[in-house]
Amino acid sequence: MSTKVSDYILQRLREWDVDHVFAYPGDGINGLLAAWGRAENNPRFIQSRHEEMSAFEAVGYAKFSGRVGVCAATSGPGAIHLLNGLYDAKLDHVPVVAIVGQTNRSAMGGSYQQEVDLLTLYKDVASDFCEMVTVPEQLPNVLDRAMRTAMARRSVTALIIPADVQELDYSPPEHAFKMVPSSLGMPHYAPVPDDGDLQRAADVLNSGGKTAILIGQGARGARVEVKEVADRLGAGVAKALLGKDALDDDLPYVTGAIGLLGTRPSYEMMRDCDTLLVIGSSFPYTQFLPAFGKARAVQVDIDPHMVGLRYPFEVNLVGDAARTLRRLLPLLEQMEDPSWRTKIENNVRDWWEVMERRAGVEADPINPEYVTHALNGLLPDDVILSSDSGSAANWYARHLKLRGAMRGSLSGTLATMGPGVPYAIGAKFAHGNRPAIALVGDGAMQMNGMAELITIAKYWRDWEDPRLIVAVFNNRDLNQVTWEMRAMEGAPQFLPSQSLPDVGYADFARSLGLTGMRIDEPGGVAGAWEAALSADRPCVLDFVTDPAVPPIPPHATLDQIEAAAASVLKGDSDRVAMVRQGFKAKVQEFLPHRHEAGRR
């Protein structure tokens, strides 16, 4: 039997060590599906419930494995559905290759069924490399370039393969004019900056006495070097959300997350520092960095297109974080004055005390902060965590202490709803021997998480460690948007847009053969986590939480939070006054700086 283009594509993916393709079928890729049958499902076709979930699963797989994620979909609507997940990958700099079908070449331009101009549609999301295969001799070059470009640029690439091309006999490019041969492999390399640039960076960093370090996901491979630099400079270290797992949260000088979802110590460190070192992060919110002119700054990033953003850096170092810091360290002077580091460590210690008090505040019926805080001491050493966008991301960012081999991620830049559960699925295919936990709001769960429970039910028996826990913060409210409306617009909750139905998430899980528990009182929270972590199969925990617990920014004041709460009763001055009076006693327990008077 001759080798068809579709057979060769799967063969070439195997040669690139691709072992999973997250996909959904359709007649636009029938040729590929038939080839999968001939190849005995190698690489393995992982079927989601929706193409967007396939893309998210590929992103989760890539984030947690360090390898390229591959997803596939049919022409027209299937290719369109991939886009949100692909944009999530593009904005978070995650290597993903999309393979999509297209109508037959003979039908192109004829307004044919499911005909969409995919080259135009994918021009932005796969801007680094997007090609249509029209003759067999384009392979393997275009597939190799898609894989290599995705890895080298940490980006999305796409191959569009018309249905009739998939069925053609494969013939390789010849040793001839206008033929483009290709080869396998992506060489490993680690750029480092010029010696002169390193010295200039060292001069800036040595000039300061109050140094703040901000790390992102680009610092994940430089854990040891970041600690050495922080100790040399007497600095504190804040983390962008995508870098939450890049450095241990139990180090006394790690201030945690930064930004609207961040911590008070991170906010104060950036406010008060005189020197800033940013490593592997493109954190976008300038207002949470030092005031312009207050701090001298240095940036380290492996991507020359990403340096010089967000802040007026004096020196931009283009290079691999670990190797750059190792070359920078001998040029840095030891900070002898411990006062700045001591202040940071005291602030961090106070912050964790406040987090414990906030988790202990009574709520109706369960405080969502307590749900996450109770998990903290139970986290397995090798756990992989995902969080969805929304108020759940606040609790993930502030309450969980990641350490050692623990991994965690979310949709950092696109901040889209919906990736929490599919990220965890992708993580399980990357590391089937490790437990995974997804923290999701009820809005995201209703949007697509419930459907992906079917995917979990289909595949969980294949995982060496069957534990995949989906924790639903069931507050019957699109809570993050509700609080943003109150805080930013001064508007009350608009119930037609915000109110969600109460769904039996645990019941649905049990109907699929999974474990499911509904927890509606605080006394059951810790036991539910323990039961899920010891279960012999995936588990859904339906935590009934209080929508009135505010996801407070680190710089919030009591007046701002009172005003937000009172806006619910906007226009009724007597009731507003009553709310302000009663709300103060409760909300001050949640304020990040309630402990100011007792600070060392």
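You'll find the structure just up there.
We now turn to the structure provided with this report. Computed from a prediction, not measured in an experiment: that's the story for all the values here.

**Some words on the packing of aromatic side chains**
Then comes step 1: Scanning the entire structure with this criterion turns up twelve aromatic pairs.
Then comes step 2: Just above the ring of Y396 sits the side chain of K244; from NZ or CZ to the centre is 5.5 Å.
Then comes step 3: Lying across the ring of Y253, R341 places its NZ or CZ 4.0 Å from the centre.

**Digging into the environment of G78**
Then comes step 1: By the secondary structure assignment, G78 is in helix α4 (residues 77-81).
Then comes step 2: Relative accessible area serves as the criterion here: at 1%, G78 is assigned to the buried category.
Then comes step 3: Residues G78 and P284 lie 206 residues apart in sequence; the distance between their C-alpha atoms is 32 Å.
Then comes step 4: Residues within four places of G78 in sequence aside, it is in contact with E51 and A73.

**Brief notes about the packing of helix α11 (residues 264-272) against helix α13 (residues 339-359)**
Then comes step 1: It is at 9 Å that the axes of α11 and α13 come closest, and there the two elements cross at 155°. By the angle between their directions, the pair α11 and α13 is classed as roughly antiparallel. As for how α11 packs across α13, the hand of that crossing is right-handed. Facing R264, P265, E268, M269 and D272 of α11, the residues of α13 in contact are W340, K343, I344, N347, V348 and W351.
Then comes step 2: Split by residue class, the contact of α11 with α13 holds six nonpolar, one polar and four charged.

**Examining the environment of L86**
Then comes step 1: By the secondary structure assignment, L86 is in helix α5 (residues 83-91).
Then comes step 2: Residues L86 and T157, 71 residues apart in the sequence, show an inter-C-alpha distance of 9.1 Å.
Then comes step 3: Discounting chain neighbours no more than four positions away, the residues touching L86 are A55, C71, V96, A98, Y122, V125 and V156.

**Points about the pairing of strand β6 (residues 156-162)**
Along any regular strand, the residues point their side chains to alternate faces of the sheet.
Then comes step 1: Of all seven residues in β6, seven are buried, a share of seventy percent or more.
Then comes step 2: Residues of β6 alternate between two faces, with V156, A158, I160 and P162 on one and T157, L159 and I161 on the opposite face, all of them buried.
Then comes step 3: Both strand β4 (residues 96-102) and β6 contribute to a ladder of seven bridges, which runs parallel. Bridge pairing in β6 places V97 opposite T157.
Then comes step 4: Pairing geometry for strand β5 (residues 130-132) and β6, over three bridges, is parallel. Bridge pairing in β6 places M132 opposite I160.
Then comes step 5: Handedness of the crossover is the feature at issue here: the chain leaves β5, passes through helix α7 (residues 141-153), returns alongside β6, and the resulting connection is right-handed.

**Points about the nonpolar core**
Then comes step 1: In terms of nonpolar packing, the biggest core is built from 52 residues, with L82, L86, V96, Y122, M445, I456 and V470 touching the most fellow members.
Then comes step 2: For this core, the leading source of residues is helix α3 (residues 51-65), giving seven residues.
Then comes step 3: Leave out the neighbours within four places in its chain, and I456 touches V421, I425, W463, L468, V470, L514 and P538.
Then comes step 4: L241, A397, W529 and A532 belong to the second-largest nonpolar core, a separate cluster that totals 35 residues.

**Some thoughts on the sheet that holds strand β2 (residues 44-47)**
Then comes step 1: An order of β2-β1-β3-β4-β6-β5 is seen for the six strands of this open sheet, with the pairing classed as parallel. Among the strands making up the open sheet, the edge pair consists of β2 and β5. Across the sheet, the axes of successive neighbouring strands diverge by a mean angle of 25°, strand direction being ignored.

**Digging into the sheet that holds strand β9 (residues 254-257)**
Then comes step 1: Read from one edge to the other, the open sheet built from six strands follows the order β9-β8-β7-β10-β11-β12, with strand pairing classed as parallel. Every interior strand has two partners, whereas the edge strands, β9 and β12 (315-318), have only one. Averaged over all adjacent pairs, the angle separating strand axes in this sheet is 15°, with direction ignored.
Then comes step 2: The sheet contact formed by strand β7 (residues 211-215) and strand β10 (residues 275-279) spans five bridges and is parallel. Bridging across to β10, T211 finds its partner in T275.
Then comes step 3: Contacting β7, β10, β11 (296-301) and β12, helix α9 (residues 195-206) crosses the sheet at an angle of about 135° to β12.
Then comes step 4: Each of β7, β8 (236-239) and β10 is contacted by helix α10 (residues 223-233), which is oriented at about 165° to β7, the strand it contacts most.

**Some details on helix α1 (residues 5-15)**
Then comes step 1: Extensive coverage of α1 is indicated by the burial of eight of its eleven residues.
Then comes step 2: Here α1 has its buried residues at V5, S6, D7, Y8, I9, L10, R12 and L13.
Then comes step 3: Where α1 is buried, its residues contact β1 (20-23), α2 (30-38), β4, α7, β6 and α8 (163-166).
Then comes step 4: A positive backbone phi angle near 65° is found at D17, which sits one or two residues after α1.

**Describing α11**
Then comes step 1: In terms of residue burial, α11 counts as a mostly covered element, since seven of its nine residues are buried.
Then comes step 2: Burial in α11 covers these residues: R264, P265, S266, E268, M269, M270 and D272.
Then comes step 3: Turning to α11, the residues buried within the fold contact β7, β8, β9, β10 and α13.

**Structural notes on the pattern of salt bridges**
Then comes step 1: Following the criterion strictly, the structure yields 30 salt bridges and no others.
Then comes step 2: Across the pair R358 and E369 runs a salt bridge, and its minimum N-O distance is 3.2 Å. Of this pair, R358 sits in helix α13 while E369 sits in helix α14 (residues 368-376); the two residues are eleven residues apart in sequence, bridging distant segments of the chain.
Then comes step 3: With a relative accessible area of 0%, E369 lands in the buried category.
Then comes step 4: Note that R518 and D542 form a salt bridge whose closest N and O atoms lie 3.0 Å from each other. Taken together, the positions of R518 in strand β17 (residues 515-519) and D542 in strand β18 (residues 539-544) put the pair 24 residues apart, joining distant regions of the chain.

**As for unusual backbone geometry**
Then comes step 1: Here the amide bond leading from N42 into P43 is cis, since omega sits at 5°, within 30 degrees of zero.
Then comes step 2: In this fold, P43 is placed in the loop between α2 and β2.
Then comes step 3: Cis peptide bonds are those with omega within 30 degrees of zero, and the linkage from L139 to P140 qualifies with 5°.
Then comes step 4: Within the secondary structure layout, P140 lies in the loop between β5 and α7.

So, how was this worked out
- Residues numbered from 1 in each chain as written.
- Predicted model: local features only at pLDDT ≥ 70, side-chain atom pairs only at ≥ 80, totals over all residues.
- Heavy atoms only, no water.
- Phe/Tyr/Trp six-rings, centres within 6.5 Å; stacked < 30°, edge-to-face > 60°.
- Lys NZ or Arg CZ within 6 Å of the ring centre and 35° of its normal.
- Helix = DSSP H or I, 4+ residues; strand = E, 2+ residues; numbered from the N terminus.
- Buried < 20%, exposed > 50% of the residue type's maximum accessible area, 1.4 Å probe, protein only.
- Contact = heavy atoms within 4.5 Å.
- Axes fitted to C-alpha atoms, helices over the stretch in contact; angles between N-to-C directions.
- Parallel < 35°, antiparallel > 145°, perpendicular 65-115°, else oblique.
- Left-handed = near helix turned anticlockwise from the far one by under 90°.
- Nonpolar A, V, L, I, M, F, W, Y, C, P; charged D, E, K, R; others polar.
- Pairing = 2+ DSSP bridges.
- Right-handed = clockwise from strand over helix to strand, strands pointing away.
- Core = buried A, V, L, I, M, F, W, Y, C linked by side-chain atoms within 4.5 Å.
- Salt bridge = Lys/Arg side-chain N within 4 Å of Asp/Glu carboxyl O.

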